[in-house]
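Each chain, written out:
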Amino acid sequence: IGTVMTVLVILGGDNKEGVLEVSWVDWSSLWKVFLGMLGAGWLASLVGLVKLDRARQIERAALAVVVVGLGALLAVLLYQGEAARLSDSAMRILWQLMKGSMAALVLLAGCAMVFKKRAGVVLLHAGVGLMMINELVVYSLHVESQMQIEEGQTVNYTQDTRHLELAIVDPSPADYDDVTVVPIDDTPNGGESWSDHLGHALRSLGRTIAGRPEPQALKAGEQTDDARLPCDVQLLQFFPNSDLRELKKGEKPQATVGEGVNFAVVERRPGSGTDMGGEIDLASAYVKLIPRDKSAEPQTLLLSQLFTLRNLPQSVDLGGKQYNVFLRFERINKPYAIRLNDVSQTTYLGTSTPRDYSSILHIIDQQLGIDRDNVRVWMNNPLRFAGDTFYQSGYHRDPVTGKEGTTLQVVSNTGWMIPYVAVTIVSVGMLAHFLLTLSRFLARRREAVEGVRVAPAARKRGAATAGIEPVSWTARLLPWAVVALFAGMMLSRVRMPVAPAGTMDLNAFGALPLAYEGRVKPFDTLARTSLRAISGRETFSDPPANEKHD
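Keep in mind that what you see is a predicted model, and the values were worked out from it rather than measured.

If you tally the helices and strands in the protein, you get eleven helices and 17 strands. Counting only residues that meet the buried cut, the protein has 33% of its 550 residues in that class. Taking the contacts inside the protein whose residues are at least 6 apart along the sequence as the reference set, 58% of them involve residues at least 24 apart. Accessible surface for the protein amounts to roughly 34,700 Å². Of this, 59% is attributable to carbon and sulfur atoms.

See below:
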């Protein structure tokens, strides 16, 4: 039953039918359920404290701490009322953890029936195993892409910045563009290990399960032969990362048509993924378009993502019809459309360093009948819609038009709930194992104190402590004396010094706030951190003016 509940909780997190932002009940009701659970835990602890044998002092002390702690927390939350309720984004996380905890408790009960005293250890390892399974699920089924939108623009696709495609667009239809794409293979030839082949197979399987089977990609030097294309395409040269420069006087271009007759490619080193700035590689390629009509001459185009970013298609005539050709990131078409109403960026005080991004979206899905406006997405608060998760990733402004735009990181991962469930299973397993171990330890201690194994109900109060030597008052007071000594030392160090009359109160001055590198901090903090960077110390004493030094 616990396994079935775990699977249902994991699969229930992937809602492909619409916006996933609420639980089965509203957040206020869910908060009341949470308070009720806290109250039930407090009441159970109180009843246990009252009924527990007075001779079991350690257990009673531990339960007393739990009763006081839970009671104080519950009293504060009830006193504050609705103001104490967590924010909606935090309530979503609490809802996921509550579902995972319910499945973990059922699993714990099953482990206790099967594995007895090893229940906590088994459940703990099961949670760790589930985390390892999640890595395999993410590797094979996880699809990550980006959605870049300018204010006022509507987009119905995302871009996979790790894969490229050559797009041949027929703009002649009145109400749509007829687009045929050819994937570009930018992986190096040879040198692949068995693990590379296995990883490629797993990713291909994942793309197939996700409904995006991986087609045959075009490599440099190869030529396509597909009837769906208006011509044959040969990839002459491919540059994974590049820039463009204008041709020098007298320099002959490799391209015969398009913008490329005025430019040449400057090859750049591909990024390693750890470069500062996180810049994305922009590829270029020389492509030969070979008409199937042998009477027409082949045409060579220079395609570059730099042209695509500037929305400069390479126009070419094929069989009397004009086509636009692009080299672009792989596009993943979506059944929904998203419009960007507004995007804003907050920077740290006095700097241009971003502190927060926020986007206001309008979501339209005609198939599901969804039309939602003013949906807000901001940093660390993603939107989950139609099986996709949208994270606020970046902000940009077009240097030419001045239009603001947003970058949303879009993740499609059916098993996104697995980490939540795995963490709760590990937590419940660790807590159960700790409590079981503690109870066995206390039972052995009672046996040593009483000298014989006696059931708690039959234990006589005031039984002789056979084999246990009494503790002297000196041994009892010494630990408290050490604690008091160190407490006094700490209090003497934290006591604020008093400035002598007629001198500057440096402590009051150090408490004054200032803005430094976008953050507000006291003068004392800036002084200490700067001094530590210079000399490795946090304090400096200025010698008297009349004191001479060499």
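All right, on to the sheet that holds strand 7 (residues 284-290) then. Pairing between the strands of a sheet is mediated by backbone hydrogen bonds and can be parallel or antiparallel. In space, the three strands of this open sheet follow the order 4-7-8, with antiparallel pairing throughout. Looking at the sheet topology across the chains shown, the edges are occupied by strand 4 (232-239) and strand 8 (299-304). The sheet shows a mean angle of 25 degrees between the axes of neighbouring strands, direction not considered. As paired strands, strand 4 and strand 7 are joined by seven bridges and run antiparallel to one another. Its bridge partner lying in strand 7, F238 is registered against A285.

What follows covers the packing of aromatic side chains. A complete count under the given rule lists seven aromatic pairs for this structure. A ring pair is formed by W416 and Y420, whose centres lie 5.9 Å apart and whose planes are at 90 degrees; its orientation type is edge-to-face. With a relative accessible area of 11%, W416 lands in the buried category. We classify Y420 as partly exposed; its relative accessible area is 21%. Pairwise contacts between aromatic rings join Y336, F385 and F390 into one cluster.

This next bit is on the packing of helix 2 (residues 27-51) against helix 3 (residues 57-80). One can describe the packing of helix 2 onto helix 3 by two numbers: an axis separation of 9 Å at closest approach and a directional angle of 150 degrees. As summarised for this structure, helix 2 and helix 3 are arranged roughly antiparallel, according to the angle between their axes. Between helix 2 and helix 3 the crossing geometry is left-handed. Of helix 3, the residues touching helix 2 (which contributes W31, L35, L38, G39, G41, W42, S45, L46, G48 and L49) are R60, L63, A64, V66, V67, L70, G71, L73, L74, L77 and L78. Grouping the amino acids of the contact of helix 2 with helix 3 by side-chain chemistry returns 15 nonpolar, five polar and one charged.

Below, the discussion takes up the environment of F540. Relative to the assigned elements, F540 resides in the segment after helix 11 (523-535). When the C-alpha positions of F540 and R528 are compared, they lie 9.4 Å apart, and in sequence the two are twelve residues distant.

Despite not being glycine, K116 shows a phi value in the positive range, around 55 degrees. Tracing the backbone through its elements, the reader meets K116 in the loop between helix 4 (88-115) and helix 5 (119-141).

Another point: the pattern of salt bridges. This structure, assessed with the given rule, holds 14 salt bridges. A salt bridge links E82 to R85; the nearest nitrogen and oxygen atoms lie 2.8 Å apart. In this structure R85 comes out as partly exposed when scored by relative accessible area, which is 22%. A single network of salt bridges, built from pairs that share partners, joins D524, R528, R532 and E538.

By the element assignment, D160 lies in strand 2 (residues 154-170). At 3.1 Å, the side chain of D160 and the side chain of H163 are in polar contact.

Below, the discussion takes up the nonpolar core. If you look at the biggest cluster of nonpolar residues, it comprises 32 residues, and the most contacted ones within it are L166, V233, V287, L289 and V325. Elements with a contribution of two residues or more to this core: strand 2, strand 3 (178-184), strand 4, strand 7, strand 8, helix 7 (305-309), strand 9 (314-318) and strand 10 (321-347). The contacts of V325, once residues within four sequence positions are left out, are L166, A167, I168, L289, L301, L303, P313, Q314 and V316. By size, the runner-up hydrophobic cluster in this structure holds 20 residues, among which are I338, L340, I363 and F390.

Calculation notes
- Residues numbered from 1 in each chain as written.
- Predicted model: local features only at pLDDT ≥ 70, side-chain atom pairs only at ≥ 80, totals over all residues.
- Heavy atoms only, no water.
- Helix = DSSP H or I, 4+ residues; strand = E, 2+ residues; numbered from the N terminus.
- Buried < 20%, exposed > 50% of the residue type's maximum accessible area, 1.4 Å probe, protein only.
- Contact = heavy atoms within 4.5 Å.
- Areas by Shrake-Rupley, 256 points an atom, 1.4 Å probe, with all protein chains shown as cover.
- Pairing = 2+ DSSP bridges.
- Axes fitted to C-alpha atoms, helices over the stretch in contact; angles between N-to-C directions.
- Phe/Tyr/Trp six-rings, centres within 6.5 Å; stacked < 30°, edge-to-face > 60°.
- Parallel < 35°, antiparallel > 145°, perpendicular 65-115°, else oblique.
- Left-handed = near helix turned anticlockwise from the far one by under 90°.
- Nonpolar A, V, L, I, M, F, W, Y, C, P; charged D, E, K, R; others polar.
- Salt bridge = Lys/Arg side-chain N within 4 Å of Asp/Glu carboxyl O.
- Polar contact = N/O pair within 3.5 Å; in protein donor to acceptor, adjacent residues only side chain to side chain.
- Core = buried A, V, L, I, M, F, W, Y, C linked by side-chain atoms within 4.5 Å.

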